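# Structural overview for review
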Amino acid sequence: MSANADTSAKAALTQPMREAPSLSLTERLIVMPVVLPLLTFVIILVLWEAATRVFAIPSFILPAPTRIIEGFSAVTPSRWSAHVWATLRVALIGYLVAIAVSLPIAIGLAKSRLMSRALYPLLVVIQSVPVVAVAPIIIVVLGTDDAPRVVITFMIAFFPLVVSMTTGLMATPPELIELSRSLRAPQYREITQIRLPYAVPYIFSGLKISVTLAVIGAVVAEFVAADVGIGFFIQFSTSMFRLPQAWAGLVVLVAMSLFLFQVVSLSQRLFFPWSLPKERR
Amino acid sequence: MGLATNAIDFRAVGQVFATESGPLTALDDVNLTIAQHEFVAVLGPSGCGKSTLLRLTAGLMLPTEGKVSVYRQPVTRPRDDVGIVFQQATLLPWANVLDNVTFPARHKRGRVGAPDRERAAEVIAAVGLKGFEARLPAELSGGMQQRVGIARALFLNPDILLMDEPFSALDALTRDAMGYELLKLWQASPKTVMFITHSIPEAVLLADRVIVMSARPGRIVADMPVPLGRPRDESALRAPEVQDFAAHLRELLIAKEPSL
């Protein structure tokens, strides 16, 4: 009995020192955030490389990963950065314009039933227009500099923002709105001190969707008319039948999307930690 | 109470809401007078217009019939001397306890000054949350959250405190404890309290007077003083006349419940 108590006391003492001793290898792999997806990725790359070699797949159908890496050296680093910067610039400006336009619209939709009845169907119609089909028209109307590309990016990125912001602004508990009214506070403070902060989790889910859409928008615009940018580079490379370097451009685009998505996620974690579900803080 | 002035006065008040299935009468011919610093519980089944009574007093809505007055002035808009505690604490999840309590100042005037922080410290201590000023609502229990809700309502030192089933979301033990604490607060700093509830023991424990309402349309069916002195404790609640009173309230409520 006493020996038992002694060992259990010792166990209790050493417990915090040990690092989750009961977890098996598989469980530990599941818990670790990076290792397992990275491992899967590497396995796929190896299989891919092997398949292209074993079956002698021509590079214009599916280039091997090593050929894609070679594709990166097709143009100089300074040319790469020019392409990246062109796409990134258009994506970011279009994204910021989309945020700046959707916020007042969302406030109007949330605050006024009249405005929501009048505007919402129109927004849905605009959203239903296939932007890829309108892009050539926009280019003709607005010329060939950044402006039409920003407009195309904006059109693709802004609808999820309006929807998520409006939903968020309407998600405030009605009691807080009553509290605000009972204090006879100025109307704008109901927005700035109650509704907007309450909408933050919703706004960020919209921001995350839209930031990747903004990259798509920039690329679509470059497909139609551009002389620089990753979208242009991919189209140009395919037209010259240089598929490995087109794939390299694709890899850059994926990296750009992931990077922007992470920036948005991180800024939520950094500046609005309370807006995340508890287990992810 | 002798020369007590009337704090809240309802004269032939009716409230009809326009709904999609036609007009809904929430209140019908309600006459009610609450004296200054009286603690009145409004007891009734759900959907009997109890909350409408509270919102009319707060000036958050205007009656479609009759007149509601607070301190002899007809209520046309929210007043400064009325504080509200809601069923859910409804705190700001991004603000700590101190910022939640000072929220009325920040919201009304745009800034929180040193006197505001002093006052906040006072009410936070009064509700027993000293030392928790920097906690976020998510780090507090349901009972503690509602204490913050009460502190927020007391912060502007209202003369009238409107409470809309404030303890109904809490577990039974916390609920009893909160009731006794509310009585202590009320005795230390007397206020006119309109306490909406559907719990008979809660009404009997807390109130000077119990108003019983019926549902659809909301009408007052009884208005009775609680046969209990103050201060109150659990032993006083077990007295036979108190038990009879509670039984009588139960009969009134069951008789008026349309579904039974």
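Residues numbered from 1 in each chain as written. Chains lettered and ligands numbered in written order. Predicted model: local features only at pLDDT ≥ 70, side-chain atom pairs only at ≥ 80, totals over all residues. Heavy atoms only, no water.

### Some words on the overall build of chain A
For clarity, the cut-off: Numbering of helices and strands runs from the N terminus; a helix is a DSSP stretch of H or I covering at least four residues, while a strand is a stretch of E covering at least two. In this treatment the radius of gyration is a C-alpha quantity, and the globule benchmark scales as 2.2 Å times the residue count to the 0.38 power. By the convention used here, residues are in contact when the closest approach between their heavy atoms is within 4.5 Å. Asp and Glu are treated as the negative residues and Lys and Arg as the positive ones, with His and the ends of the chain left uncounted. For charged residues, the charge sits on one atom: NZ in Lys, CZ in Arg, CG in Asp, CD in Glu.
Helix and strand content of chain A: 12 helices and 0 strands. Counted from the first residue to the last, chain A has its helices and strands arranged as α-α-α-α-α-α-α-α-α-α-α-α. The C-alpha atoms of chain A give a radius of gyration of 26 Å, which is well past the 19 Å a tight globule of 281 residues would have. Projected onto the principal axes, the alpha-carbon positions of chain A cover approximately 85 × 70 × 30 Å. Summarising the internal contacts of chain A: among those between residues at least 6 apart in sequence, 70% fall at separations of at least 24. Charge-centre separation for chain A: the mean point of 21 positive side chains lies 6 Å from the mean point of 13 negative side chains.

### A look at the domain arrangement of chain A
Residues and elements named next belong to chain A. Definition in use: Throughout the structure description, domain borders are defined by an automatic or database domain assignment. Once two parts are put together, the accessible area they lose, assessed with a 1.4 Å probe and summed over both, is termed the buried area.
Entries for chain A in the domain assignment read domain 1 (22–57) and domain 2 (65–280). Just the C-alpha atoms count here: the centres of domain 1 and domain 2 sit 32 Å apart. Contacts between the two partners involve 4 residues from domain 1, matched on the other side by 4 residues from domain 2. Summing both partners gives a buried area of about 340 Å² for domain 1 against domain 2, and 71% of it is carried by carbon and sulfur. On the domain 1 side of the contact with domain 2, Leu 45, Trp 48 and Glu 49 bury the most area, a combined 91% of that side's loss.

### With respect to empty space enclosed by the protein
Rule in force here: Points on a 1 Å grid over protein atoms alone make up a cavity when a 1.4 Å probe fits among them but cannot get out, and a pocket when they form an open set with protein on both sides within 12 Å along at least five of seven lines; lining residues each have an atom within 4 Å of a point. Grid points are joined across faces, edges and corners, and a volume is the space filled by probe spheres set on the points. Under the scheme applied here, ten amino acids are nonpolar (Ala, Val, Leu, Ile, Met, Phe, Trp, Tyr, Cys and Pro), four are charged (Asp, Glu, Lys and Arg), and all others, including Gly, are polar.
Under the criterion given, the structure shown has 2 cavities of 30 Å³ or more. Its volume calculated, the largest cavity comes out at about 150 Å³. If you trace the largest cavity, you find 14 residues lining it, with Ser 182 and Leu 183 of chain A together with Val 82, Gly 83 and Leu 156 of chain B closest to the centre. Contributing elements (two or more residues each) for the lining of the largest cavity: helix H9 (174–182) of chain A together with strand S6 (82–85), helix H3 (103–109) and helix H5 (142–155) of chain B. A class-by-class count of the residues in the lining of the largest cavity yields 8 nonpolar, 2 polar and 4 charged. What the second largest cavity holds in volume is close to 50 Å³. Forming the boundary of the second largest cavity are Val 127, Arg 147, Ile 150, Met 178, Glu 181, Leu 182 and Leu 185 of chain B.

### Here we look at the packing of aromatic side chains
Think of a pair of aromatic rings as described by two things: how far the centres are apart, and how the planes are tilted against each other in angle. In plain terms, the rule: What counts as a ring pair is set by centres within 6.5 Å for rings of Phe, Tyr and Trp (its six-membered ring), and what kind of pair is set by the plane angle: stacked under 30 degrees, edge-to-face over 60, tilted for all other angles. Here the term buried applies to any residue with accessible area under 20% of the maximum for its type, exposed to any over 50%, and partly exposed to those in between, with areas from a 1.4 Å probe on protein chains only.
Taken as a whole and assessed by the stated rule, the structure comprises 13 aromatic pairs over all chains. Pairing Phe 72 of chain A with Trp 80 of chain A gives two aromatic rings, centres 5.6 Å apart and planes at 40°, and the pair type is tilted. You can call Phe 72 of chain A partly exposed: its relative accessible area is 28%. The buried category is assigned to Trp 80 of chain A, whose relative accessible area is 10%. The interplanar angle of 80° and the centroid separation of 5.3 Å between the aromatic rings of Tyr 198 of chain A and Trp 94 of chain B together place this pair among those described as edge-to-face. On the criterion of chain membership, the pair formed by Tyr 198 of chain A in helix H10 (residues 187–224) and Trp 94 of chain B in the loop between S6 and helix H2 (97–101) is interchain, its members lying in two chains. Residue classification places Tyr 198 of chain A among the buried positions, given a relative accessible area of 18%. Among the aromatic residues, those joined into a ring-pair cluster are Tyr 198, Phe 204, Phe 272 and Trp 274 of chain A together with Trp 94 of chain B.

### A short note on the interface of chain A and chain B
Applied cut-off: Just to be clear on terms, a salt bridge is a Lys or Arg side-chain nitrogen sitting within 4 Å of an Asp or Glu carboxyl oxygen. Pairing of N or O atoms within 3.5 Å defines a polar contact, subject to two protein rules: one partner must be a possible hydrogen donor and the other a possible acceptor, and residues neighboring in sequence count only if both atoms are side-chain atoms.
Counting residues at the interface gives 21 residues for chain A, matched by 23 residues for chain B. At the boundary of chain A with chain B, total buried surface from both sides reaches about 2,200 Å², with 61% on carbon and sulfur atoms. Of all residues in chain A, the largest losses of buried area upon contact with chain B belong to Leu 183, Arg 184 and Gln 193 of chain A, amounting jointly to 29% of the total for that side. Inspection of the chain A/chain B interface yields 2 salt bridges. One salt bridge in this structure joins Arg 184 of chain A and Asp 80 of chain B, with 2.8 Å as the shortest N-O distance. At the junction of chain A with chain B, the criterion picks out 11 residue pairs in polar contact (both at pLDDT 80 or more). Of all the secondary-structure elements, those providing two or more residues to the side of chain A that touches chain B are H9 and H10 of chain A. In terms of residue count, the dominant contributor to the side of chain A that touches chain B is H9 of chain A (7 residues). Here the side of chain A that touches chain B is built from residues that sort into 10 nonpolar, 3 polar and 8 charged.

### Structural notes on the sheet that holds strand S9 (residues 209–214) of chain B
Sheet strands pair by backbone hydrogen bonding; their relative direction is either parallel or antiparallel. Residue and element names in this part refer to chain B. Formally: Two strands pair under a simple rule: DSSP has to find at least two bridges between them. Axis definition: a line fitted to C-alpha atoms, over the contacting stretch in the case of helices. Angles run 0 to 180 degrees between N-to-C directions.
Taken in spatial order, the 6 strands make up an open sheet running S6-S7-S8-S3-S9-S10, and their pairing is mixed. The open sheet has two edge strands, S6 and strand S10 (219–225), and neither has a second partner. The sheet shows a mean angle of 15° between the axes of neighbouring strands, taken without regard to direction. Pairing of strand S3 (residues 39–43) with S9, which is carried by 4 bridges, proceeds in the parallel orientation. When the sheet's bridge partners are listed, Ala 41 is paired in S9 with Val 210. Across the sheet, helix H1 (residues 50–58) is in contact with S3, S6, strand S7 (160–164), strand S8 (192–197) and S9; its angle to S7 comes to roughly 150°.

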